[in-house]
Amino acid sequence: MTTQSSVSALDRWGFSTWLESARGSGEFITLPELDGINDAVVSIDGKSLVNFSGIGILGWQHDPRVREVFAETARDYGLVVGGSRIIQGVSRPHLELEALVAEITGKERALTFATGMLANLGFVNAMSTRFSFNNSHGVDNTDTVLVLDRECHWSMWKAVERFKFGRNLIMFDHNDTAGLRRELEQLAGRKIVVGFEAVYSADGSMAPVAEILDLCEEFGAISFVDDANGFMVYGNGGHRFAAEYAALRRATFLMVSFGKGVGLSGGALAGPADALDAFRFLSGTTVFTTNIQPPTVGAIVHVLRRMRQDPSIMENYLDRVDRLRERLLRIGCTINPTPTYVTSILVGANDTAVRVRQEFIDRGYLVPMFGYPAVPKDRAVIRLLVNNRISDEQLDGFVDTLAELREKYGF
Ligand SMILES: Cc1ncc(COP(=O)(O)O)c(C=O)c1O
């Protein structure tokens, strides 16, 4: 029961006052609650909207065979393993997936996690913890220094919250290899992990992968690349960013998410065998929480095999994204200069972003507007990971609407 005194005690957290003002300014947007399945068109409160907000770019969840594999794996391995990896173990499909991820990334071992975020949290914990079963032999990595690109994902910054800036946490400017070199020069003799992303989710940039890995090798640092965004989009035989993805094979550790290129859910870490075996205990997120559900794992394995067999599926999608980028430039949009599949359209001020998003909804389009803290304040962007199931006509309608709203709001 909520009592009067508990309500007024909670007032000190400021939720109600903040909500009132954020609702007034329109910044507290109504979050989409889908009436049905996530697809190129979604229904929200009975209204159909062309959906630009999803992240599962190829729409694999709609593929009939993927759905069959999901159902077959549920039949054979159940809906859940029924406990964390350490307590209850994993199913055979998890092991199959881990072998496949290791093979794809060129690493000795891979370990799955319920989400990519939990893989990131687990990685940071495992690399910086003190642990022993018996007080004699153990690891003590509390002296690890993490050096992160400023634009690393929220999950990495969350993972390092207990680190001290300047002591065991260093930040370098986004994709700035000269800045990274300066930092590494100061850290001689320390146990260093350099963390960065290959493809950045908010600004769509691509890291100078080879240069960063060269620096890691020069300074004896371990490298950790969060490839949540690029996994299976690049590096699968396609010509785009082939040099970056060839270089990526030199990274010590990789994290991948199954939410984007694969369009399902879950994540994995890949790297040297002994480290990954130790991570089964040391990550914490293999111990204190559950793994991906077996049917999803079965579906991921199936999708990965199909994507590897036929790289043209992704290449055709990327050709489409390139054509969209050309059209956006033609109508005068400011978009991210690096032509990754992440397309960020600059809108700018937060209040403009709120209005533009609503106008899109009124015209039948659900667009993802990224504001602070995903991007700097008043640098809001429409961040597109276009769903390949969106038709050419729906894409035309979106570009026309964008051109009209750009004129109206001057972004
Ligand atoms: C760079 C990056 N890292 C980690 C994550 C988290 O991955 P997941 O959604 O699988 O938890 C994301 C997801 O948006 C991401 O973009």
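Note that the coordinates shown come from a computational prediction; the quantities given were computed from them, not determined experimentally.

Caption draft 1: Structural view of the pairing of strand E3 (residues 109–113). Buried residues dominate E3, accounting for 4 of its 5 residues. Sheet analysis places E3 next to strand E11 (residues 267–271), joined by 5 bridges and oriented antiparallel. By the bridge assignment, Ala110 is partnered in E11 with Ala270.

Caption draft 2: The domain arrangement of the chain, seen in detail. Domain boundaries in the chain define domain 1 (24–53 + 311–409) and domain 2 (63–309). Using only C-alpha atoms to locate each centre, domain 1 and domain 2 end up separated by 28 Å. Across the domain 1/domain 2 interface, buried area totals approximately 1,700 Å², and carbon plus sulfur atoms make up 57% of it. When residues of domain 1 are sorted by the area they lose upon contact with domain 2, Pro311, Met314 and Tyr341 head the list and together hold 33% of the total. Here Asp319 makes a salt bridge to Arg240, at a shortest N to O gap of 2.7 Å. Counting the contacts that link domain 1 with domain 2 gives 8 residue pairs in polar contact (both at pLDDT 80 or more). Elements with a minimum of two residues in the side of domain 1 that touches domain 2: helix H13 (312–330) and strand E15 (380–384). When residues in the side of domain 1 that touches domain 2 are grouped by element, the largest group, 6 residues, is from H13.

Caption draft 3: Fine view of the side chain of Thr285. With respect to the helices and strands, the residue Thr285 is situated in the loop between helix H11 (273–282) and helix H12 (294–309). Residue Thr285 is classed as buried on the basis of its relative accessible area, which comes to 12%. Polar contacts involving the side chain of Thr285 include one to the main-chain carbonyl oxygen of Leu118, which spans 2.9 Å. Excluding residues within four positions of it along the chain, Thr285 makes contact with Phe113, Leu118, Leu121 and Gly122.

Caption draft 4: Just the nonpolar core, in detail. With 89 residues, the main nonpolar core has Val194, Phe258, Leu304, Tyr341 and Phe398 as its most contacted residues. The element that contributes the greatest number of residues to this core is H12, accounting for 7 residues. With sequence-adjacent residues up to four places away left out, Phe398 is seen in contact with Phe52, Ile345, Phe360, Tyr365, Val367 and Leu384. Listed in part, the 27 residues of the second largest apolar core include Phe113, Ala126, Leu269 and Phe279.

Caption draft 5: Summary view of a nonpolar patch on the surface. A surface patch of nonpolar side chains, amounting to about 580 Å² of accessible area, comprises Ile86, Ile87, Phe131, Phe133, Val139 and Phe281. Relative to the helices and strands, Phe133 is located in the loop between strand E4 (130–132) and strand E5 (138–140). Overall, the relative accessible area of 62% leaves Phe133 in the exposed class.

Caption draft 6: Summary view of the pairing of strand E10 (residues 253–257). Counting buried residues along E10, 5 of its 5 residues qualify, which places the element largely inside the surrounding structure. With burial as the criterion, each face of E10 is covered, one bearing Phe253, Met255 and Ser257 and the other bearing Leu254 and Val256. By the bridge criterion, 3 bridges tie strand E9 (residues 222–226) to E10 in an arrangement that is parallel. Paired with Asp226 across the bridge in E10 is Met255. In terms of handedness, the path from E9 via helix H10 (residues 242–247) over to E10 forms a crossover that is right-handed. Here E10 pairs with E11 via 4 bridges, running antiparallel. Bridge pairing in E11 places Val256 opposite Ala268.

Caption draft 7: Just helix H2 (residues 15–25), in detail. In terms of residue burial, H2 counts as a barely covered element, since only 1 of its 11 residues are buried. Just past H2, the residue Gly26 takes up positive phi, approximately 85°.

Caption draft 8: A look at the packing of aromatic side chains. On inspection of all chains with the given rule, the structure shows 16 aromatic pairs. Measuring from ring centre to ring centre gives 5.2 Å for Phe133 and Phe281, while their planes differ by 90°; the resulting arrangement is edge-to-face. With Phe133 in the loop between E4 and E5 and Phe281 in helix H11, this residue pair connects regions lying 148 residues apart in the sequence. The structure contains a cluster of three or more aromatic residues connected by ring pairs, namely Phe52, Phe360, Tyr365 and Phe398. Note that Lys377 overlies the ring of Tyr372, its terminal NZ or CZ placed 4.3 Å from the centroid.

Parameters and conventions
Residues numbered from 1 in each chain as written. Predicted model: local features only at pLDDT ≥ 70, side-chain atom pairs only at ≥ 80, totals over all residues. Heavy atoms only, no water. Buried < 20%, exposed > 50% of the residue type's maximum accessible area, 1.4 Å probe, protein only. Helix = DSSP H or I, 4+ residues; strand = E, 2+ residues; numbered from the N terminus. Pairing = 2+ DSSP bridges. Domains from an automatic or database assignment. Buried area = accessible area lost by both parts, 1.4 Å probe. Salt bridge = Lys/Arg side-chain N within 4 Å of Asp/Glu carboxyl O. Polar contact = N/O pair within 3.5 Å; in protein donor to acceptor, adjacent residues only side chain to side chain. Contact = heavy atoms within 4.5 Å. Core = buried A, V, L, I, M, F, W, Y, C linked by side-chain atoms within 4.5 Å. Patch = residues over 30% accessible without salt bridge, like charges linked within 9 Å, V, L, I, M, F, W, Y side chains within 5 Å. Areas by Shrake-Rupley, 256 points an atom, 1.4 Å probe, with all protein chains shown as cover. Right-handed = clockwise from strand over helix to strand, strands pointing away. Phe/Tyr/Trp six-rings, centres within 6.5 Å; stacked < 30°, edge-to-face > 60°. Lys NZ or Arg CZ within 6 Å of the ring centre and 35° of its normal.

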